[in-house]
Amino acid sequence: MDEQKDDQIGQDDSTHNSEKKQSLTACLLCAAFFGSLGSSFLYGYNLSVVNAPALYIKAFYNKTWIERYGEPISAETVTLLWSVTVSIFSIGGLFGALSATLIIKVLGRKGTLLLNNSFAVIAAVLLSLGEMSRSFEMLIIGRLIMGVDSGIALSALPMYLGEISPKHFRGMIGQFNSILICLGVFTGQVLGMPELLGQESTWIYLFSFLALPAMLQLCVLPFLPESPRYLLMERRDEAGAEKAFQRFLGKKDVSQELEEVHMEARAQDKLHTVSVLQLLKSPAVRWQLITVIVTMACYQLCGLNAIWYYTNGILREAGFTESILPYITLSTGAIETLAAIISGLVIERIGRKPLLIFGFFSMAVFFSLLTVFLNFQDRVSWMPYLSYVCILAVIASFCSGPGGIPFILTGELFEQSYRPAAFMIAGTVNWLSNFAVGLLFPFIQETLQSFSFLVFVAVCILGSIYLYVVLPETKNKTFMDISQSFAKINKMPIPSPGQEMELVLSINSDMNGKAQDATKMQTSL
């Protein structure tokens, strides 16, 4: 028994050394990039693409109304139609998040991403043909379907990226989700410039562009492997999981990775996928669930959406002229993308927890400064420029951690059987919080004026305190290790080293037994 333990320790040391030598493979990078391109990129693009053609879309509503009813549309009606056009994206996102678990269970992670492209293509067709058909209903339905696409994508993509990545690259690969969201926002701002597609005769092509990333994903993703964890634990396809691991990791011997997944399967109470109700009732994951809800709520309620939705109004109040507003907005998208890329490069060195706390706390500081500067902008001529710097700093702080890590954590804090239900709950909180900010912030701004951002200061500080106290670091940990980090706070028994060793040895003996059976079969043949 002692010799077996020594052998196991030696294997662990060699595995640890091989992990450090292992590098990113082209297959893993392609899966991360093209998976994100047809998913999170489209989500980010749709956040910004409606800003540039807003006046032309409202004019189209008025023209269509006159053709139908013989009179101009009232100001209240056009405001209502525009508000529905913008906000129905969040409603579609909620529907998508609620339906993602069922689709993922049936089609898997990669299959769900591939199916999801059909929603993007249908939405692109409706949005592109709405003006030609003189139907503003087609624009509204197209935005709804695009919201469904985004809701499914923000559940399936982080799950896929987390399950295909080695633990020492999981944060970096997971940040592709955030980077492509930011790149999508930036692309929408660039294409919406008056010099490009932000004109009355070309604004419909802004929506036609939606089909391009979806088609690129459809051309590449079918040739990349499915999540090996999904294949092994849910489909019981060990041969398929082995091939997937080999392609993603770029090596033939993936026995250690297969053993880790087998160990996770043995340790789970439920090998089948649990429902949302079962997840809510389970004491074993209570604080993981609370942590994901708090983190995802802070992701939306920290105030960045208020910055995006009302950037132009804030900049006008800060004293910038109308002619340069599009270019200033463009710089905010560039800063967002740059901060997300830097975060992806350093996340494996710094860790998830420090980046999250730093991001939320920095946002609280810069929102406080922004409040001060906005209150003194009428007295000092150069104060509007400081307000603009604070806006950039808030965006950079958000993208340094809170912009992508909540999605990574949702995949890391839960083991395989709980993960789909956890993403449904996280997605529901995400989209409801998004809708709440868009609905309530105008009233908060009207009531509190320049002090309205203090609400977000409170949210960021409270979120930072909670994460500091409750969240363990997940960097370079297996999913089992992360679950055991919550065992004490969940008041669950922690396996002793002896029990863990017995579990490892039992798995090894099972695998050796299978190998011996295979040898006997070959001999008999």
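Residues numbered from 1 in each chain as written. Predicted model: local features only at pLDDT ≥ 70, side-chain atom pairs only at ≥ 80, totals over all residues. Heavy atoms only, no water.

Under an unreviewed UniProt entry, the name given to the protein is Solute carrier family 2 member 9, and the organism recorded is Haplochromis burtoni. Per its UniProt entry, the protein bears the Sequence similarities (unreviewed entry) comment "Belongs to the major facilitator superfamily. Sugar transporter (TC 2.A.1.1) family." (UniProt positions renumbered as here; feature names shortened; annotations may be inferred.)

S.K.: Explain the overall build of the protein to me, using residue names and the numbers behind them.
M.R.: Scanning the protein from terminus to terminus reveals 24 helices and 0 strands. In the protein, which comprises 525 residues, the share counted as buried stands at 54%. Looking at the protein alone, contacts between residues at least 24 apart form 82% of all its contacts between residues at least 6 apart. Element-wise, carbon and sulfur atoms account for 66% of the exposed surface of the protein, whose accessible area totals about 22600 Å². (Helix = DSSP H or I, 4+ residues; strand = E, 2+ residues; numbered from the N terminus. Buried < 20%, exposed > 50% of the residue type's maximum accessible area, 1.4 Å probe, protein only. Contact = heavy atoms within 4.5 Å. Areas by Shrake-Rupley, 256 points an atom, 1.4 Å probe, with all protein chains shown as cover.)

S.K.: An account of the confidence of the model for the protein is needed here, citing residue identities and associated values.
M.R.: Per-residue confidence for the protein gives a mean pLDDT of 84, with 87% of residues at or over 70. Long-range and interchain partners of residues 496-525, a stretch whose pLDDT sits below 50, account for 25 contacts in this model, where long-range means more than four residues apart. (pLDDT = per-residue confidence, 0-100.)

S.K.: Break down the packing of aromatic side chains for me, with residues and values.
M.R.: The geometry of two aromatic rings is summed up by the distance between their centres and the angle between their planes. For the structure shown, the criterion picks out 17 aromatic pairs. Centre to centre, the rings of Tyr43 and Trp431 are 5.6 Å apart; their planes meet at 80°, and the pair counts as edge-to-face. Separated by 388 residues along the polypeptide, Tyr43 in helix α3 (residues 40-48) and Trp431 in helix α21 (residues 419-448) bring together distant segments of the chain. For Tyr43, a relative accessible area of 2% gives the class buried. Here Trp65 and Tyr69 contribute two aromatic rings whose centre-to-centre distance is 4.6 Å and whose plane-to-plane angle is 50°, an arrangement assigned as tilted. Here Trp65 pairs with Tyr69, and both are found in helix α4 (residues 54-69), just 4 residues apart, close to one helical turn. Classification of Tyr69 by relative accessible area gives partly exposed; the value is 49%. In this structure an aromatic cluster arises from ring pairing among Phe60, Tyr61, Phe136, Trp203 and Phe207. Positioned over the ring face of Phe479 is Arg170, at 4.7 Å from the centre of the ring. One cation-aromatic arrangement involves Lys353 over Tyr468; the distance from NZ or CZ to the ring centre is 5.6 Å. (Phe/Tyr/Trp six-rings, centres within 6.5 Å; stacked < 30°, edge-to-face > 60°. Lys NZ or Arg CZ within 6 Å of the ring centre and 35° of its normal.)

S.K.: I'd like a description of the nonpolar core, backed by residues and values.
M.R.: One finds Tyr61, Leu279, Phe367 and Phe414 to be the most contacted residues of the largest nonpolar core, which totals 138 residues. The element best represented in this core is helix α5 (residues 75-129), accounting for 14 residues. Counting contributing residues per domain, this core is built from domain 1 (24-224) and domain 2 (274-493), each supplying no fewer than three. What Phe414 contacts, discounting residues up to four positions off in sequence, is Leu279, Val285, Gln288, Leu289, Val292, Arg419, Ala422 and Phe479. (Core = buried A, V, L, I, M, F, W, Y, C linked by side-chain atoms within 4.5 Å. Domains from an automatic or database assignment.)

S.K.: So what about helix α14 (residues 286-301)? Which residues, and what values?
M.R.: Helix length check: α14 (16 residues) gives 22 Å between terminal C-alpha atoms against 22 Å at 1.5 Å per residue, within 8%. Every buried residue of α14 is accounted for by Gln288, Leu289, Thr291, Val292, Thr295, Met296, Ala297, Cys298, Tyr299 and Gln300. Where α14 ends, the next residue or the one after it, Gly303, has phi of about 110°, a positive value. (Expected span 1.5 Å × (residues − 1).)

S.K.: Give me α4: which residues, what numbers.
M.R.: Since the α-helix turns once every 3.6 residues, residues separated by three or four places project in the same direction. Look at α4: 22 Å from first C-alpha to last across 16 residues, which is about the 22 Å you get at 1.5 Å a residue. For α4, the complete set of buried residues consists of Ala54, Ile57, Phe60, Tyr61, Thr64 and Trp65. All buried residues of α4 lie within an arc of 135° about the axis, which places them on one face of the element. In this fold, the buried residues of α4 make contact with α5, α6 (136-164) and α8 (204-208). Backbone geometry just after α4 places Gly70 at a positive phi near 75°. (Arc of directions from axis to C-beta.)

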